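Okay, here's what each chain looks like letter by letter:
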Protein chains: 4
Amino acid sequence: MIEENIKPDDLVLICHRDRKYLKKVDISSTFNGKGGNIIFSELVGKPFGKLYGEYEIYKPTLEDIIMLGIKRDTQIIYPKDAAYICFKLNITSGSNVLELGTGSGAMTLLFSAIAGVDGKVITVEKEERHFKNAKRNIEKFSIFPNVEMINCDIFDYKGPGFKSVFIDVREPWHYLGHIIELTKPSASLGMIVPTTNQVTEILKAFETHKSFGNIEICEIMLRKYKTISERLRPFDRMVAHTGYLIFARRIET
Amino acid sequence: MIEENIKPDDLVLICHRDRKYLKKVDISSTFNGKGGNIIFSELVGKPFGKLYGEYEIYKPTLEDIIMLGIKRDTQIIYPKDAAYICFKLNITSGSNVLELGTGSGAMTLLFSAIAGVDGKVITVEKEERHFKNAKRNIEKFSIFPNVEMINCDIFDYKGPGFKSVFIDVREPWHYLGHIIELTKPSASLGMIVPTTNQVTEILKAFETHKSFGNIEICEIMLRKYKTISERLRPFDRMVAHTGYLIFARRIET
Amino acid sequence: MIEENIKPDDLVLICHRDRKYLKKVDISSTFNGKGGNIIFSELVGKPFGKLYGEYEIYKPTLEDIIMLGIKRDTQIIYPKDAAYICFKLNITSGSNVLELGTGSGAMTLLFSAIAGVDGKVITVEKEERHFKNAKRNIEKFSIFPNVEMINCDIFDYKGPGFKSVFIDVREPWHYLGHIIELTKPSASLGMIVPTTNQVTEILKAFETHKSFGNIEICEIMLRKYKTISERLRPFDRMVAHTGYLIFARRIET
Amino acid sequence: MIEENIKPDDLVLICHRDRKYLKKVDISSTFNGKGGNIIFSELVGKPFGKLYGEYEIYKPTLEDIIMLGIKRDTQIIYPKDAAYICFKLNITSGSNVLELGTGSGAMTLLFSAIAGVDGKVITVEKEERHFKNAKRNIEKFSIFPNVEMINCDIFDYKGPGFKSVFIDVREPWHYLGHIIELTKPSASLGMIVPTTNQVTEILKAFETHKSFGNIEICEIMLRKYKTISERLRPFDRMVAHTGYLIFARRIET
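Residues numbered from 1 in each chain as written. Chains lettered and ligands numbered in written order. Predicted model: local features only at pLDDT ≥ 70, side-chain atom pairs only at ≥ 80, totals over all residues. Heavy atoms only, no water.

Please clarify how the overall build of chain A should be interpreted in this entry.
Counting its secondary structure elements, chain A contains 6 helices and 14 strands. Seen through its principal axes, chain A has C-alpha atoms that stretch 65 × 45 × 30 Å. Counting all 253 residues of chain A, 60% fall into the buried class. Considering only intrachain contacts with a sequence separation of at least 6, the fraction spanning at least 24 residues in chain A is 64%. For chain A, the accessible surface area stands at approximately 10400 Å², while carbon and sulfur atoms represent 49% of it. (Helix = DSSP H or I, 4+ residues; strand = E, 2+ residues; numbered from the N terminus. Buried < 20%, exposed > 50% of the residue type's maximum accessible area, 1.4 Å probe, protein only. Contact = heavy atoms within 4.5 Å. Areas by Shrake-Rupley, 256 points an atom, 1.4 Å probe, with all protein chains shown as cover.)

Here it is in structure tokens:
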């Protein structure tokens with residue numbers, strides 16, 4: 001399959017020991033790193049997944065794009081959390097997903113990649129600065145043309161009955177009543193917040209609204225190991241905290 | 001949308017406090033639990049996402065089906081690991097996925113749900129007992145007709161060049177050479193093993209084969225919290241270990 | 001050293017696979033467990049640290065006494081937390097320690113064992129039921145006669161200037177002002193509480209009182225591994241949460 | 001008590017936000033940090049536990065000395081591990097402790113502080129460089145004159161029957177036979193190693209020697225929280241791994 005070989009302007013993932021770089025194959029340019037230089041024009045026509053001197057050259061995955069490609073002006077959601085959120089929200093090929101708070105668009109890209117051509121992602125962002133940045137990210141990196149971006153206050157969005165909703169804003173508890181309007185009964189709702197105080201506020205709001213059941217709160221810790229067979233051990237340091245994940249389902253009384 | 005209401009023989013998720021049940025709506029029968037009885041015929045025509053006495057009745061998600069629906073005759077892969085594996089293997093709508101070791105078919109169902117109508121999952125299982133059990137699970141629960149099940153020794157499967165491979169067998173290191181045959185350069189490979197001794201063996205095999213780069217080893221810990229707003233705290237006990245996840249990418253020298 | 005051999009009425013730790021028992025050598029009796037019977041009179045005169053059939057017989061450590069010996073009518077503080085608390089409170093041989101909330105006396109025994117003959121532990125408990133139970137535990141198990149037990153409201157205790165204070169009550173924030181009276185500047189203060197809401201209350205009280213500095217909050221997770229050399233892996237389940245530890249030091253403005 | 005006030009040449013702990021410094025009160029000198037200058041002569045006669053401008057000045061605890069005071073030429077054992085080791089080895093006031101592998105002397109200082117005037121710590125170090133460094137640390141910081149330092153190969157040390165032994169060397173499994181000679185039955189043995197491969201080797205040695213029972217392997221994770229009441233959350237990053245702790249007890253067949 002000829003399209004699998006590297007073409008000019010393709011994105012490539014360049015790995016050197018513990019370092020990774022996401023770069024565009026600019027045939028008039030070179031990459032200069034600790035493993036020496038890469039003359040990009042020499043990559044053209046070669047397959048992805050090949051050594052180039054000390055470097056490994058791969059076709060970027062969605063993870064590479066989210067972690068290295070998108071421009072961020074908000075806190076990132078880490079893959080360990082992002083993947084679990086998709087699962088808990090029951091997002092599959094063909095899903096319609098509502099995202100409240102686009103942020104930098106990283107979750108949007110993941111929702112879009114799973115939902116596919118038969119699915120749809122509607123994402124709402126109030127802040128024009130975030131909206132514009134996310135728009136660039138999504139236009140640049142989305143695989144499927146299934147994302148609809150809306151630049152308005154969450155309360156002003158009046159969409160149809162969603163089954164999967166993810167909300168990533170500072171005070172998600174204010175929006176529970178509105179989320180009830182936007183979802184079908186039985187819908188799956190997900191949130192992420194960094195502090196225990198916020199979790200307490202959300203739980204209070206659930207107790208007030210009585211329209212959400214099956215509430216789950218968790219945190220996910222990812223511990224990486226060094227890869228030397230004779231000295232297997234975790235890395236010395238790790239990310240200790242990203243956020244508390246909160247899941248619930250819409251219930252009618 | 002009338003199809004959203006509960007019909008006879010639909011699966012329903014029944015929640016009562018911390019307990020969950022996945023049941024078929026058998027209109028000639030009842031469910032008897034700690035929250036009283038459910039007369040299934042009374043559910044028909046009602047929407048999903050509704051209270052029934054002390055019970056919450058939801059439309060099952062893929063998580064509910066994997067955790068409660070499928071019949072297991074092998075060790076389960078937990079959602080925290082399963083979701084991350086999909087992400088690391090770059091599985092999106094439209095993906096072609098190879099699974100070596102079908103087990104009970106839980107991962108197969110997840111791969112299938114994400115790959116969708118335009119994707120494909122080929123899964124190979126040697127043990128006839130596991131194969132038959134997984135076949136029943138997949139026939140019963142898969143959303144998309146995109147799964148091809150093969151009952152043969154992994155070494156006898158000679159498929160085309162995959163980009164995403166998951167292998168879940170006791171001694172995955174024996175199959176690295178064969179996996180090289182089954183994949184394109186740049187392909188993503190994932191594994192899960194329960195012991196550090198196995199991780200060491202896999203790392204040794206990677207060191208020997210020199211055809212895999214970007215090796216990552218990790219473990220994921222999920223900690224759940226109690227959901228009372230005034231007494232926020234983790235549950236007393238948690239799952240401490242499921243397995244070590246190993247990821248790598250195919251590289252040609 | 002003849003005193004090292006087992007005498008009638010000595011305590012012994014009996015281990016059988018994953019199970020442990022703390023028993024008194026009652027020479028007119030036997031122990032009946034899954035590894036068969038132990039005729040206690042046969043242990044007399046034998047050294048500690050010896051096999052008896054399938055059982056291992058050891059001299060109990062302080063851990064064995066705290067985990068198996070003391071009678072509890074309150075939540076236990078786990079060794080992982082208890083040991084760290086002693087360290088953070090700078091308790092060494094010769095220390096004078098103040099404990100507010102005796103509970104079952106487990107921490108008291110540990111403070112006492114470290115403080116030794118030249119040190120002192122003063123422990124205050126309001127509830128008569130807890131006080132009496134702790135008194136029995138301490139009379140039975142303490143190594144050194146350095147514990148003074150006081151049965152009164154914490155506010156009624158007016159002791160001298162302590163350098164190490166541990167408080168284990170439900171609402172420790174109420175006592176900060178009183179603790180200032182009981183301690184010298186530079187004293188180390190420790191607490192343990194189960195919920196994040198309590199931690200928040202304590203932090204608010206610190207912010208109000210302005211008499212404590214160097215505040216630290218942490219939690220300690222202990223993960224145990226199975227001990228088979230060829231299948232090294234963590235146990236499937238673990239204790240996920242005991243409490244949040246809070247440490248601070250008295251500071252004068 | 002006049003001795004509690006700061007004297008010339010005393011050690012003081014200086015805290016400024018998240019930073020800590022252990023300094024000697026050199027009355028001819030000043031400390032210059034991000035919170036401004038401290039003129040040491042101005043501290044003399046003041047009590048410990050006092051604000052000085054933006055700084056908090058405390059009397060150093062053993063933790064401060066171990067973490068900030070001792071000069072290290074080996075890997076440190078973290079407090080979370082050190083405190084638990086003392087507990088598991090049943091070290092109390094009056095204990096006799098054998099340490100094989102002095103390293104920098106941090107554990108030695110902790111053993112010494114708990115054992116007190118009636119106890120004793122014998123510590124053996126082969127490497128002259130480590131021995132000399134540890135000697136300086138112990139002479140400078142030990143509270144009790146109960147440490148005997150020996151500069152010889154572990155195999156050449158022939159001590160009496162210890163009840164508490166800690167060994168911190170790269171290949172502790174080589175010394176199990178020798179440890180049997182140095183200990184009484186029922187003695188508690190502790191080790192720390194960084195890799196799973198080492199744990200496997202130790203378990204194999206235990207399986208061979210059959211002179212150790214009640215084997216326990218664990219790891220301790222300490223997660224710190226930020227101390228702002230309205231935004232309670234763990235720090236972003238943490239120490240993910242220090243070592244695997246291994247404990248066992250001597251048993252005679």
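Where do I start with the pattern of salt bridges in this structure?
Side-chain pairs of opposite charge can arise where the charged atoms are in close proximity. Counted by the stated rule, this structure contains 68 salt bridges over all chains. In this structure, R250 of chain A engages E252 of chain A in a salt bridge whose closest nitrogen and oxygen atoms are separated by 4.0 Å. With a relative accessible area of 31%, E252 of chain A lands in the partly exposed category. Put simply, R233 of chain D and D236 of chain D hold a salt bridge, and the shortest N to O gap is 2.4 Å. (Salt bridge = Lys/Arg side-chain N within 4 Å of Asp/Glu carboxyl O.)

Which parts of the structure should I look at to understand the relation of the copies chain B and chain A?
Superposition of the two copies of the chain requires a rotation about an axis and a shift along the axis. You can overlay chain B on chain A at an RMSD of 0.0 Å; the transform is a turn of 180° with a shift of 0.0 Å along its axis. Both copies of the chain, as the preceding transformation shows, are related through a two-fold rotation axis. Counting the interface residues of chain B, we find that 100% of their copies in chain A are interface residues as well, pointing to one common contact surface. (Least-squares fit on C-alpha atoms with pLDDT ≥ 70 in both.)

Could you clarify how one ought to interpret the sheet that holds strand β5 (residues 50-52) of chain A in this entry?
Adjacent strands of a sheet pair through backbone hydrogen bonds, lying either parallel or antiparallel. All names here are of chain A. With antiparallel pairing, 4 strands are arranged side by side in an open sheet as β2-β1-β6-β5. Looking at strand neighbours, the two that pair on one side only are β2 (19-24) and β5, the edges of this open sheet. Strand-to-strand twist of the sheet, defined as the mean angle between neighbouring strand axes without regard to direction, takes the value 30°. Direction of pairing for β5 relative to strand β6 (residues 55-58): antiparallel, over a ladder of 3 bridges. Counted as the bridge partner of L51 is E56 from β6. In this fold helix α1 (residues 62-69) packs onto β1 (11-16) and β2, with an angle of close to 90° to the strand it touches most, β2. (Pairing = 2+ DSSP bridges. Axes fitted to C-alpha atoms, helices over the stretch in contact; angles between N-to-C directions.)

I'm lost on the domain arrangement of chain A in this one. Help?
When the parts of a complex come together, some accessible area is lost, and that lost area is often taken as the interface size. Residues and elements named next belong to chain A. Domain boundaries assigned for chain A yield domain 1 (2-60) and domain 2 (67-250). If you average the C-alpha positions of domain 1 and of domain 2, the two centres end up 32 Å apart. Every contact between the two is made by 6 residues of domain 1 and, on the other side, 4 residues of domain 2. For the pairing of domain 1 and domain 2, the buried interface totals around 300 Å² over both sides, and the portion due to carbon and sulfur atoms is 85%. (Domains from an automatic or database assignment. Buried area = accessible area lost by both parts, 1.4 Å probe.)

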